[in-house]
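Residues per chain, in single letters:
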Amino acid sequence: MVKMHAVAQKEAKTSEVRHDAMTRNVAQHFVQQLTLWGVERVYGVIGDANLYLLDELGKQKKITYIACRHETNAALMASAEAKLTGKLAVCTCTSGPGLASIINGLGDAWADRVPVLVVSGQVQSTEIGLGGVQDIDQQLFIQPLADFSSLVADSHGFPKLLNKAVKTALNKGGVAHLSIPKEIWQLPVSGGFFPLPVKAGPQMPSPEQIQKAAQLIDKAKRPVILAGRGIENAQYYALQFAEKIQAPLMATMPAKSFVPNDHSLFVGGLGHAGTEISRELLEKADLCIVLGATWWPADYVPQTIQMVQIDAKAENIGASCPVAAPVVGEMSKALSQLIPIVQQKQNEQYLSEIAEKKMEWNKRIQQESKVESPTDAISPAYAVSVLQKCVAEDAIISIDVGDHTVWFERIFQYKHQKLIISGTWRTLGFGLPAGIACQLAKPDRQVVSVAGDGGVAYSIIELITAVAYNLPLTLIIMNNQSYAMEKNRMMVEGLHTLGSQIPNPDYTALAKACGAQSVRVSKPEELEQSIRDALSSRTTSVVEIMCTAPILPHTKILKGMDTFNS
């Protein structure tokens, strides 16, 4: 009797699953599948072609739909979330102009190789290709930025297409796209659910590669290390390695927070916003060991230098210059194998040179960070130094693109803060939407967005979004009343500065109109308290800093030149 009851229960359950499979439509399947995969948010903008999806999202509570004001910002939020968490992030848009607007934000995920799924609505199947309202070949349109793109032509194939799209995004680290015609959202699905696709793990480094790298390192008298994002999960090994071979360690901007900035071997960033120490030491180096970095600015590096490069992705190795000893493999495994076999170096003269250069650089930065006289104006260096004093040690900082970015890179000394940037795509407007995504993903962490007056104009409307979701995000606007990076380059080259100075709105008033707490600061003595008040507020806050726009050393337009402007 008990056995018969168990069989009956099993048959009923099987019948229920079959019935559910036959009645579940594409929109329902999509939401349920994302839920099973652990997706917590979908960023998007409403439109005719995704209304059935929004209806389904509105009927459940496990996934939060973040209603953005612009599709570009929705994609930037998804990209930032993927950068912060390392997990799949999702955004959606409508057909035609919706897809056109989301493209720029997807470019950021594509360029920085993070997994983002974008689902775009499409016109009805009967209208595709006829040139009607919002009709465009979406697969052709998105092709340069998508590692996978497909039109969902049949509802029963949707589960497999969705799984394939997400598998591609996770394994390649990039954008996957599905285009779904209006009527398809409501059609039945016969397929089941898939487990979350497993990321392909990085290969183990070969003993031969490790041995060759060790031989070159042992021969080097003046090695240097360039660390990138690839050391994030191998920070202990990276420092242990640097200490054993007594090599100065420079870092790309996203990786600066992975290294104690007060470490005796840390010499700062490389490039326009980097330190003079890095450039000088690299010029005299006989070996550069690149750890998980792809940044190799031609203007600031020797034309010929032997290189060892360790990276989890084989395609990253030798992308910028020839590599004498490539090592392909997961960073912590590679370094843990390399550290025991490299020789312990003893070069007191080299260490003294590094220490002396660091002392000189720190004095220079302290001088730059002082209040400008005789006007007592707020310099960008001073603004960054004050912000550094105020932010929490574990804060998440999202930074926009512009002149303030290079000053931030030059001045800010990290403790345990996490930096989120538009690394390769470098789109204006990144800072605020990225900060919103970071605050949503990490509600218990302090999140600060830093933007210039040029870049913030692209996305400041999303303050309404931050306020709507009760986010205690702080936005710092460094207002030099120009596109200062471009203006300074034009001035140095003797060009007309047309287009570099445009009128701004009153950002403080605009922020208040969006519902945020805001203050404008033009006096140095008011800056620290204003920032502290904003950071301690539990509401969306804006601090607009009226600052100057001094010209950084080595400012120029063209790359690859042999001489630098001073």
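Residues numbered from 1 in each chain as written. Predicted model: local features only at pLDDT ≥ 70, side-chain atom pairs only at ≥ 80, totals over all residues. Heavy atoms only, no water.

Here we look at the overall build of the protein
Inference 1: Each helix and strand in the protein was counted, giving 20 helices and 18 strands.
Inference 2: Each principal axis of the C-alpha atoms in the protein carries an extent, and together these give about 85 × 60 × 50 Å.
Inference 3: In the protein, buried positions account for 55% of the 566 residues.
Inference 4: As displayed, the protein offers around 24,800 Å² of accessible surface, 54% of which is attributable to carbon and sulfur atoms.
Inference 5: In the protein, 52 positive and 54 negative side-chain charges are present, and the distance between their average locations comes to 5 Å. (Helix = DSSP H or I, 4+ residues; strand = E, 2+ residues; numbered from the N terminus. Buried < 20%, exposed > 50% of the residue type's maximum accessible area, 1.4 Å probe, protein only. Areas by Shrake-Rupley, 256 points an atom, 1.4 Å probe, with all protein chains shown as cover. Lys, Arg positive; Asp, Glu negative; His and termini not counted. Charge placed at Lys NZ, Arg CZ, Asp CG, Glu CD.)

A few points about the sheet that holds strand β15 (residues 447–452)
Inference 1: Read across the open sheet, the six strands follow the order β14-β13-β15-β16-β18-β17; overall the sheet is parallel. Across the chains shown, the open sheet's two edge strands, defined by having one partner strand only, are β14 (418–421) and β17 (517–521). Strand-to-strand twist in this sheet, taken as the mean axis angle between neighbours without regard to direction, amounts to 20°.
Inference 2: Where strand β13 (residues 396–399) meets β14, four bridges bridge the pair, whose relative direction is parallel. When the bridges of β14 are listed, Ile396 appears paired with Lys418.
Inference 3: Each of β13 and β14 is contacted by helix α4 (residues 71–85), which is oriented at about 145° to β14, the strand it contacts most. (Pairing = 2+ DSSP bridges. Axes fitted to C-alpha atoms, helices over the stretch in contact; angles between N-to-C directions. Contact = heavy atoms within 4.5 Å.)

A closer look at the environment of Gln337
Inference 1: With respect to the helices, strands and loops of the structure, Gln337 is situated in helix α11 (residues 331–338).
Inference 2: Taking C-alpha positions, Gln337 is 34 Å from Trp425, a pair spaced 88 residues apart along the chain.
Inference 3: In this structure, Gln337 is in contact with Met204, Pro205 and Ile210, ignoring residues within four places of it in sequence.

Details of the pairing of strand β11 (residues 307–311)
One face of the sheet, then the other: side chains in a regular strand alternate in exactly this way.
Inference 1: Burial of β11 is extensive: five of the five residues sit out of reach of the surface.
Inference 2: Residues Met307, Gln309 and Asp311 line one face of β11 and the alternating positions Val308 and Ile310 line the opposite face, and both faces are buried.
Inference 3: Note: strand β10 (residues 287–291) against β11, four bridges, orientation parallel. Within the sheet, the bridge partner assigned to Ile289 lies in β11 and is Val308.
Inference 4: Alignment of β11 against strand β12 (residues 325–328), held across four bridges, turns out to be parallel. Each bridged residue has a counterpart across the sheet, and for Asp311 the counterpart in β12 is Val328.

Thoughts on the nonpolar core
Inference 1: Grouped together as the largest cluster of nonpolar side chains are 94 residues, with contacts concentrated most on Phe241, Leu291 and Phe408.
Inference 2: A per-element tally of this core places helix α13 (residues 380–390) first, with seven residues.
Inference 3: Judged by nonpolar contacts, the second largest core, of 52 residues, contains Met77, Leu99, Ile142 and Ala511. (Core = buried A, V, L, I, M, F, W, Y, C linked by side-chain atoms within 4.5 Å.)

Comments concerning the environment of Asn470
Inference 1: Here Asn470 shows up in the loop between α17 (463–468) and β16 (474–479).
Inference 2: Residues Asn470 and Arg538, 68 residues apart in the sequence, show an inter-C-alpha distance of 8.4 Å.

Considering the side chain of Ser530
Inference 1: In this fold, Ser530 is placed in helix α20 (residues 524–536).
Inference 2: Its relative accessible area of 13% is what places Ser530 among the buried residues.
Inference 3: In terms of polar contacts, Ser530 uses its side chain to reach the backbone carbonyl oxygen of Glu526, at 2.8 Å.
Inference 4: Setting aside residues up to four positions removed in sequence, Ser530 forms contacts with Val519, Val521 and Val543. (Polar contact = N/O pair within 3.5 Å; in protein donor to acceptor, adjacent residues only side chain to side chain.)

Description of unusual backbone geometry
Inference 1: Look at Gln134: it is not a glycine, yet its phi comes out positive at around 60°.
Inference 2: Inspection of the secondary structure assignment puts Gln134 in the loop between β4 (116–122) and α6 (138–142).
Inference 3: At Asn470, a position not held by glycine, the phi torsion is positive, near 55°.

Let's talk about α13
Inference 1: Among the eleven residues that make up α13, nine are buried, leaving the element largely enclosed by the rest of the structure.
Inference 2: For α13, the full list of buried residues reads Pro380, Ala381, Tyr382, Ala383, Val384, Ser385, Val386, Leu387 and Cys390.
Inference 3: Summarising the contacts, the buried residues of α13 are in contact with α12 (348–368), α14 (403–411), β15, β16, α20 and β18 (541–546).

Examining the packing of aromatic side chains
Inference 1: Scanning the entire structure with this criterion turns up seven aromatic pairs.
Inference 2: Pairing Phe30 with Trp185 gives two aromatic rings, centres 6.4 Å apart and planes at 70°, and the pair type is edge-to-face. Separated by 155 residues along the polypeptide, Phe30 in helix α2 (residues 26–36) and Trp185 in the loop between β6 (175–181) and α8 (207–219) bring together distant segments of the chain. Neither Phe30 nor Trp185 differs from the other in exposure class; each is buried. (Phe/Tyr/Trp six-rings, centres within 6.5 Å; stacked < 30°, edge-to-face > 60°.)

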